[in-house]
Amino acid sequence: MRKEDFQSVAANFPDPFRLILRDSVASTNDELQQLAKDGAPHGWVLLADEQTSGRGRRGNSWCAPGRENLTFSILLRPNEAKVLWSRLALASGLALAESLENFGLQAGIKWPNDIWLNGLKVAGILVEAGADFAIVGIGLNVHTTEFPPEIAASATSLALAMGEPPSRPELLATIIRRLAIRLRGIGAEFPKLIQAVNQRCVLSGKRVVLQTAKGPQSGIVRQLGVGGELLLETRGGIMPLIQADEVRIVEP
Ligand code: BTN
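Calculation notes
Residues numbered from 1 in each chain as written. Predicted model: local features only at pLDDT ≥ 70, side-chain atom pairs only at ≥ 80, totals over all residues. Heavy atoms only, no water. Helix = DSSP H or I, 4+ residues; strand = E, 2+ residues; numbered from the N terminus. Buried < 20%, exposed > 50% of the residue type's maximum accessible area, 1.4 Å probe, protein only. Areas by Shrake-Rupley, 256 points an atom, 1.4 Å probe, with all protein chains shown as cover. Lys, Arg positive; Asp, Glu negative; His and termini not counted. Charge placed at Lys NZ, Arg CZ, Asp CG, Glu CD. Domains from an automatic or database assignment. Contact = heavy atoms within 4.5 Å. Buried area = accessible area lost by both parts, 1.4 Å probe. Salt bridge = Lys/Arg side-chain N within 4 Å of Asp/Glu carboxyl O. Polar contact = N/O pair within 3.5 Å; in protein donor to acceptor, adjacent residues only side chain to side chain.

Details of the overall build of the protein chain
Reasoning step 1: Across its full length, the protein chain carries six helices and 12 strands.
Reasoning step 2: The buried share among the 252 residues of the protein chain stands at 54%.
Reasoning step 3: For the protein chain, the exposed surface amounts to about 11,900 Å²; the carbon and sulfur share of it is 48%.
Reasoning step 4: Of the side chains in the protein chain, 27 bear a positive and 26 a negative charge, and the two mean positions are spaced by 6 Å.

This is the structure we're talking about:
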């Protein structure tokens, strides 16, 4: 990592965002969680060159090499009531999609917060909440062009999608700027945020199978409802899903 490049873009982060660089950590989410417990303030961004135990959703690992990609976490202490913090996942996904659009890409959001380019996953987000803070962890594939066999058919990177990607510091700065804006949308402005997510929702109109806590559900995705829930049209009517472990598209 050319630390000076990251430090110079970080100097222009919007307030109160501030960058912390690490060579190697187990997981940027875990590292920042520890700092949060020790009192670190809202807006700290921790980026690592290497994660030895990077984590994804559903207990998966995230093993994209940090040096050629972006692996970082953001510490948030939102003013909004904690019951609204589940909305951070959608706000972060939208900010990430908009950041890629800023570089001419057409990004889609696979609910709740995977980012897709050309039908393939380019980024994932892991949001974890503590007692009085939330950590938003982002993994964005930038330069990687070869993936482990288990994800090779479903993963992509900016290099694969656009040839020459923007520099990682430039990408990071763009994401932080968009996040600063979209994070404000988890309160009263949430309907506007949902509208913007719906415009990018790659699942809308698709027949899907979802593994939920109550077992598998299948149906056609309509859109996201006003609370950010996925509205699934099933034989029994419209079913709102607030949490699905895995969404698989079965028909285009
Ligand atoms: C997913 O799609 O399953 C979420 C992946 C989130 C990966 C990022 S990389 C930076 C941060 N630190 C982690 O350990 N995980 C997140």
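A short note on the domain arrangement of the protein chain
Reasoning step 1: By domain assignment, the protein chain separates into domain 1 (3–200) and domain 2 (207–249).
Reasoning step 2: Relative to domain 2, the C-alpha centre of domain 1 lies at a distance of 25 Å.
Reasoning step 3: Counting residues at the interface gives 10 residues for domain 1 and 16 residues for domain 2.
Reasoning step 4: Both sides together, the interface formed by domain 1 and domain 2 hides about 1,000 Å², and carbon and sulfur atoms give 62% of it.
Reasoning step 5: Interface area lost by domain 1 to domain 2 is led by Arg58, Trp111 and Asn198, which between them contribute 57%.
Reasoning step 6: Counting the contacts that link domain 1 with domain 2 gives zero salt bridges.
Reasoning step 7: The interface formed by domain 1 and domain 2 holds two residue pairs in polar contact (both at pLDDT 80 or more) in total.

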